[in-house]
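An overview of the molecular structure
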Amino acid sequence: MLKKYCFGEFVKTDAVVLDIKDEKNKECKDFIIKNNSIVFTLTSEDIVYGLGESVRGLNKRGWKYVSWCSDVTDHLEDTFSLYGAHNFLLIDGKQKLGLFFDTSEKITFDISYTKENELVVSMEHLNLDLYVIKNENSNEVIKEFRKLIGKPYLAPLFGFGYQQSRWSYFTKDEVLDLVSNYEKENIPLECVYLDIDYMEHYKDFTVDKEKFSNFKEFVYKLKEKNIHLVPIIDAGVKIEDGYDVCEEGLLNDYFVKKQDGTNFRAAVWPGLVYFPDFLKKDTRKWFGQKYKVLTDLGIDAFWNDMNEPAMFYTPERLKNTIDEISKLKDLSLDDMDLGVSGIVKGMALSLQNNLEDYKKMYHDIDGKLVCHENVHNIYGYNMTRAAKEELDIIRNQRTLLFSRASSIGAHRYGGIWTGDNRSYWSHIELNIKQMPNLNMCGFLYTGADLGGFGADTTEDLLLRWLEFGIFTPLMRNHSCNGTRRQELYLYDRVEDFRNIINLRYALIPYLYSEYLKSYHNDDLMFKPLSFEYEDDEIARTIEDQLLVGDSIMIAPIYKQNQNNRYVYLPEDMLMLRFRSNEDYDQEILNKGHHYITVKLNEVLIFVRKNKSLILTRPNKNVESLDMKSLKVISYLDSKYEYYLDDGISLDSNYNVYEIEVKDNNVVRCDDLTIIN
Ligand code: GLC
């Protein structure tokens with residue numbers, strides 16, 4: 001059952017692709033309206049999933065979350081908002097209820113925070129369409145929701161390879177050096193990222209001619225090795241005379257305005273910028289076509305950043321702050337007490353991403369000026385939409401594309417990464433817990449900065465994080481400038497790193513097949529255990545073990561100096577302990593509680609009963625993988641449906657190959673080759 005209740009008026013998000021009729025004022029027993037809040041009663045057994053990219057647990061109970069796309073470097077337990085606004089919840093209890101709060105405005109979710117058994121969803125004004133989905137089980141609720149919001153972005157197969165990033169690889173030589181180090185160490189490598197320093201003065205759609213001379217030749221040289229370069233594109237356009245993007249934008253009125261009709265200015269990496277008004281169709285078309293500057297040079301992959309949009313300050317606020325601070329200059333040194341330092345610090349901090357500044361931005365929506373505050377959460381979404389819509393026209397094949405800011409709807413246009421995490425063990429745990437919730441909200445091509453973006457990594461953290469990261473569709477190691485380097489060849493345990501990346505490549509047929517299934521069947525690729533073992537009270541509370549696709553369960557290690565972990569098996573399973581794709585042991589474990597040794601270089605995969613895992617021989621890149629030569633590890637008799645498409649066409653015309661195992665023998669494999 002799917003019902004829609006409309007409240008107030010808001011700028012349409014285009015998140016939903018089905019036309020559902022409004023129940024008008026018909027009473028709904030599932031919620032009550034109190035002032036500007038919608039209140040749902042929970043039972044103490046209910047689990048509340050959802051909210052995609054947000055902090056804390058897989059079960060969101062016990063905190064409040066604010067959907068407001070934010071440029072935040074602190075992903076802490078008390079952080080209210082991250083970069084995404086993913087307003088979907090699934091209440092999993094005796095009844096299964098899906099709730100989608102479709103709005104472009106800020107919205108707050110108090111989930112058992114104020115009152116244990118209440119979910120209170122509030123807004124300044126109730127301007128939203130609420131969709132209520134009821135079905136007999138969680139999987140069906142998700143299917144219905146995902147049908148409502150349309151098919152996710154489909155990544156190219158090469159997007160499943162190992163990707164190395166850093167802010168920044170500053171020159172061509174640095175990139176070539178990196179590539180040759182990976183080659184020397186025989187570690188597969190698929191993509192290398194170009195962070196902001198590849199540009200001329202951080203100007204979108206330019207390439208620094210000195211540091212990256214003969215760029216096209218360089219791109220093709222790497223292409224010959226099947227390595228893809230992934231340049232970053234930021235939302236802000238540098239204000240500079242003679243810079244074509246700036247001038248065209250001004251000429252055609254493509255930028256976000258102030259209320260008086262002049263262009264709004266703020267500072268990001270290039271200094272002062274204008275923000276393209278992505279909510280305008282013409283702007284989207286124009287900006288999206290700009291990617292052609294780079295695709296003409298051979299680029300087939302992009303990441304969109306700072307599109308909340310992030311701003312360091314506005315010139316007005318900076319001036320005002322400097323004026324205010326300079327008023328303090330006559331204070332005697334003895335008066336420079338804590339109070340004064342607090343004021344100065346507060347003023348400096350309030351320069352960045354100030355809500356008052358967002359209120360000064362205006363969009364032209366069908367000729368009407370709309371304050372940015374009301375559409376903030378769909379800004380980044382529309383940047384990705386601009387890119388995807390035009391890249392599809394320009395390239396007529398899949399482009400690797402993902403973004404930082406997003407809201408539901410954006411899942412149709414690109415993937416997302418989870419932003420500026422840190423090299424914290426708790427951020428591996430967060431990554432694990434975010435994956436199913438992101439999938440529920442439609443984001444399938446997603447992952448975190450493996451190894452951690454901020455702070456100094458350690459060898460063991462990087463290895464453990466990669467041991468989880470080998471399962472995430474986007475597998476990118478990225479780090480901030482000034483932090484310890486994270487390239488894998490720099491570490492003593494280079495052999496372990498090689499083995500783990502090889503294992504990822506061996507798993508690509510399975511991962512990609514399960515990814516395609518999630519895409520075509522509106523399913524989750526990462527599932528909480530409760531989705532499959534709904535009557536198992538223990539399984540229902542477990543948050544650090546996940547089902548990945550239909551065949552396997554994983555139980556990553558995310559604590560330092562821990563070579564053992566507790567694992568709960570909701571049924572008998574075949575445990576595989578991998579040291580490399582070739583070197584593994586296996587053991588059948590019974591349903592129940594286990595304490596299992598997992599050394600630093602080991603990864604556990606649990607094959608479910610009557611299911612099988614497929615693996616291929618790893619190779620130096622995705623292009624060289626033989627996706628049709630597979631090794632099959634089956635627990636008892638099984639039938640595996642292997643989904644495969646060409647990995648690059650915009651439409652996924654996939655084939656399903658059946659692999660059947662009986663009495664330890666593969667008895668059917670269609671036209672696949674079975675390897676040992
Ligand atoms: C932002 C991005 C980060 C990037 C940096 C420089 O912080 O989130 O990934 O490296 O900007 O572009």
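The following refers to the structure shown. Computed from a predicted model, the values in this text were never measured in an experiment. (Residues numbered from 1 in each chain as written. Predicted model: local features only at pLDDT ≥ 70, side-chain atom pairs only at ≥ 80, totals over all residues. Heavy atoms only, no water.)

Axis separation between helix α11 (residues 425-440) and helix α12 (residues 459-469) bottoms out at 10 Å; the angle between their running directions is 5 degrees. One element, α11, and the other, α12, form an angle in the roughly parallel class. Side by side, α11 and α12 meet where W425, H427, I428, N431, I432 and M435 of the first sit next to D460, L461, R464, W465 and F468 of the second. For the contact of α11 with α12, a count of residues per class yields 7 nonpolar, 2 polar and 2 charged. (Axes fitted to C-alpha atoms, helices over the stretch in contact; angles between N-to-C directions. Helix = DSSP H or I, 4+ residues; strand = E, 2+ residues; numbered from the N terminus. Parallel < 35°, antiparallel > 145°, perpendicular 65-115°, else oblique. Contact = heavy atoms within 4.5 Å. Nonpolar A, V, L, I, M, F, W, Y, C, P; charged D, E, K, R; others polar.)

Next up on the list: the site of the ligand. Of all residues adjacent to the ligand, which total 13 residues, the nearest are D195, D305, R404, D420 and H478. At a separation of 2.9 Å, an oxygen atom of the ligand approaches a polar side-chain atom of R404. The contact in question runs from an oxygen atom of the ligand to an N or O atom on the side chain of D420, over 2.5 Å. For the ligand, the accessible surface in isolation is 310 Å², of which the surrounding protein chains cover 97%. For the shell around the ligand, the class distribution of residues is 8 nonpolar, 1 polar and 4 charged. (Near = heavy atom within 4 Å. Polar contact = N/O pair within 3.5 Å; in protein donor to acceptor, adjacent residues only side chain to side chain. Areas by Shrake-Rupley, 256 points an atom, 1.4 Å probe, with all protein chains shown as cover.)

This paragraph deals with the environment of E185. By the element assignment, E185 lies in the loop between α2 (172-184) and β13 (191-194). A residue is classified by how much of its surface remains accessible, and E185, at 26% relative accessible area, is partly exposed. As a C-alpha pair, E185 and R498 span 313 residues in sequence and 7.7 Å in three-dimensional space. Beyond its immediate stretch of four places on either side in the chain, E185 contacts Y489, V494 and R498. (Buried < 20%, exposed > 50% of the residue type's maximum accessible area, 1.4 Å probe, protein only.)

The subject of this paragraph is the pairing of strand β10 (residues 118-122). In terms of residue burial, β10 counts as a mostly covered element, since 4 of its 5 residues are buried. Two strands pair when backbone bridges link them, and strand β3 (residues 37-41) and β10 are joined in this way by 5 bridges, in the antiparallel orientation. In the strand pairing of β10, V39 is matched with V120. Sheet analysis places strand β9 (residues 107-111) next to β10, joined by 4 bridges and oriented antiparallel. Residue pairing in the sheet places T108 in a bridge with S122 of β10. In this structure, the hairpin formed by β9 and β10 is closed by a connection of 6 residues, where S112 is found at a positive phi of approximately 55 degrees. (Pairing = 2+ DSSP bridges.)

Attention shifts here to unusual backbone geometry. Between W167 and the following residue, S168, the backbone shows a cis peptide bond with an omega angle of 0 degrees. The amide bond that connects E308 to the next residue, P309, takes the cis arrangement and shows omega of 0 degrees. Phi angles above zero are rare outside glycine, and N186 is one such case at about 60 degrees. For N186, the position within the fold is in the loop between α2 and β13. Although it is not a glycine, H201 sits at a positive phi angle of roughly 45 degrees. Residue H201 is classed as exposed on the basis of its relative accessible area, which comes to 56%.

Each strand in a sheet pairs with its neighbour through backbone hydrogen bonds, running either in the same direction (parallel) or in the opposite one (antiparallel). Read across the open sheet, the 3 strands follow the order β37-β38-β39; overall the sheet is antiparallel. Whereas interior strands pair on both sides, the edge strands pair on one side only; in this sheet they are β37 (638-644) and β39 (665-668). Adjacent strand axes in the sheet meet at a mean angle of 35 degrees when their direction is disregarded. The pairing of strand β38 (residues 655-662) with β39 spans 3 bridges and is classified as antiparallel. Within β39, the position partnered with E660 by the bridge is R668.

The strand order across the open sheet built from 3 strands is β35-β36-β40, with neighbouring strands paired in mixed fashion. A strand with exactly one partner marks an edge of an open sheet, and here the two such strands are β35 (611-615) and β40 (673-674). Relative to β40, strand β36 (residues 629-635) runs parallel, the two being bridged by 2 bridges. Of the residues in β40, the one forming a bridge with L630 is I674. Where helix α13 (residues 494-521) meets the sheet, it contacts β35 and β36, and its direction lies at approximately 125 degrees from that of β35.

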